[in-house]
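# Notes for the structure review
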Amino acid sequence: MDSTDMGTDLSKILITEEQIDSRLAEMASDIDRDYEGKEILVLGVLKGAVMVMADLVRKLHSPVTMDWMAVSSYGSGTKSSGVVRILKDLETDLQGRHVLIVEDIIDSGLTLSWLKSNLESRGPASVKIATLLRKPEAATVDIEVSYVGFDIPNEFVVGYGLDYDEKYRHLPFVGTLAPHVYGG
Ligand code: PRP
């Protein structure tokens, strides 16, 4: 899959495959340094974080276990509702664990803000957040993010895990969706 397969659905490629790869390598090296001597429970938030999880953990040298959660924050359309539901919970006991939440994107921040406090109530040694993308202009809650790949403008982006109507997740890059696709 490449940009030519997108026809007119794509306005532009925002972040290339190569840029993602080299930024994830930098993030992995920061994570290895910060967690030296510790085992990390890397927690992927389905479905968007599948790509970043797969690529980030393969760049880590720290001992790692992986688990997954699925949450839903979007009531309807493309805006966060702030109402978060757990669709699939962890299988790991968090007591005493160092948890690193991995996300594809932080938009309003509502999902992560809710998820972080939910996880903190389960007795972990620490909970930190890594995200490939963040939209500072869309933030409605203040949330501490330890590792950020790229701050991006408040545009509709797809690819590398991110979807529109469940499509485009398999693009190897992050692109801006043409407004005619979502009626913008
Ligand atoms: C996306 C993304 C985050 C959330 C961010 O997930 O993966 O979990 O939205 O939005 P927020 O900061 O405004 O809360 P989505 O609900 O689209 O599910 P998906 O990962 O399955 O695509």
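Scroll up a little and you will see the structure.
Figured I'd write up the structure that's included with this text. (Residues numbered from 1 in each chain as written. Predicted model: local features only at pLDDT ≥ 70, side-chain atom pairs only at ≥ 80, totals over all residues. Heavy atoms only, no water.)

### Some words on the sheet that holds strand S9 (residues 174-177)
Paired through backbone hydrogen bonds, the strands of a sheet run either parallel or antiparallel to each other. Taken together, three strands build an open sheet; the order of strands is S1-S9-S8 and the sheet is antiparallel. Two strands bound the open sheet, and with one partner strand each, they are strand S1 (10-15) and strand S8 (157-158). Strand direction decides the pairing type here: S1 and S9, joined by four bridges, are antiparallel. What sits directly across from Lys12, in S9, is Thr176. (Pairing = 2+ DSSP bridges. Helix = DSSP H or I, 4+ residues; strand = E, 2+ residues; numbered from the N terminus.)

### What to know about the pairing of strand S6 (residues 126-134)
Counting buried residues in S6 gives seven out of nine residues, a clear majority hidden from the surface. The β-α-β motif built from strand S5 (residues 98-106), the intervening helix H3 (residues 110-120) and the parallel element S6 has right-handed crossover chirality. Strand direction decides the pairing type here: S6 and strand S7 (residues 147-151), joined by four bridges, are parallel. In the strand pairing of S7, Leu133 is matched with Phe150. (Buried < 20%, exposed > 50% of the residue type's maximum accessible area, 1.4 Å probe, protein only. Right-handed = clockwise from strand over helix to strand, strands pointing away.)

### Things to note about helix H1 (residues 17-34)
Its 18 residues place the ends of H1 26 Å apart at the C-alpha level, agreeing with the 26 Å of an ideal helix rising 1.5 Å per residue. If you check which residues of H1 are buried, you get Ile20, Leu24, Met27, Ala28, Ile31 and Asp32. Buried residues of H1 fall within an arc of 140° about the axis and therefore sit on the same side. Every exposed residue of H1 that faces more than 90 degrees away from the buried side is listed here: Glu18 and Arg33. (Expected span 1.5 Å × (residues − 1). Arc of directions from axis to C-beta.)

### A few points about the sheet that holds S5
Strand order in the open sheet formed by six strands is S4-S3-S2-S5-S6-S7, and the pairing between neighbours is mixed. A strand with exactly one partner marks an edge of an open sheet, and here the two such strands are strand S4 (85-88) and S7. Strand after strand, the sheet turns through a mean of 30° between neighbouring axes, direction not considered. Bridge count between strand S2 (residues 40-46) and strand S3 (residues 64-72): seven bridges; the pairing is parallel. Bridge pairing in S3 links Leu41 to Thr65. In this fold H1 packs onto S2, S5, S6 and S7, with an angle of close to 155° to the strand it touches most, S7. Along the sheet face, H3 touches S2, S3, S4, S5 and S6 and points at about 170° away from the line of S5. (Axes fitted to C-alpha atoms, helices over the stretch in contact; angles between N-to-C directions. Contact = heavy atoms within 4.5 Å.)

### A few points about the environment of Glu39
Summarising the element assignment, Glu39 is placed in the loop between H1 and S2. Residue class for Glu39 comes out partly exposed when judged on its relative accessible area of 39%. Each C-alpha atom, one on Glu39 and one on Asp104, is 22 Å from the other, the two residues being 65 residues apart in sequence. Setting aside chain neighbours within four positions, we find Glu39 in contact with Pro63, Val64, Thr65, Arg97 and His98. At 3.1 Å, the side chain of Glu39 and the side chain of Arg97 are in polar contact. (Polar contact = N/O pair within 3.5 Å; in protein donor to acceptor, adjacent residues only side chain to side chain.)

### Some details on helix H2 (residues 50-57)
Three or more residues of H2 are buried, namely Val52, Met53, Leu56 and Val57. End-on view of H2: buried residues confined to an arc of 110°, all on one side of the axis. Tucked inside the fold, the buried residues of H2 contact H1, S2, S3, S5 and S6.

### A word on the nonpolar core
Within the largest apolar cluster, 28 residues are counted, with the highest numbers of intra-cluster contacts made by Leu24, Ile31, Leu100, Val102, Leu132, Leu133 and Val174. Counting residues per element, the ones that place at least two in this core are H1, S2, H2, S5, S6 and S7. (Core = buried A, V, L, I, M, F, W, Y, C linked by side-chain atoms within 4.5 Å.)

### A closer look at the pattern of salt bridges
Evaluation of the coordinates by the stated rule reveals 15 salt bridges. The residue Asp21 makes a salt bridge to Lys59 at a minimum N-O spacing of 2.8 Å. Remark: Lys59 occurs in the loop between H2 and S3 and Asp21 occurs in helix H1; sequence separation between them is 38 residues. We classify Asp21 as partly exposed; its relative accessible area is 41%. Looking at Lys59, the relative accessible area reads 24%, which means it is partly exposed. A salt bridge links Glu39 to Arg97; its shortest N-O distance comes to 3.1 Å. (Salt bridge = Lys/Arg side-chain N within 4 Å of Asp/Glu carboxyl O.)

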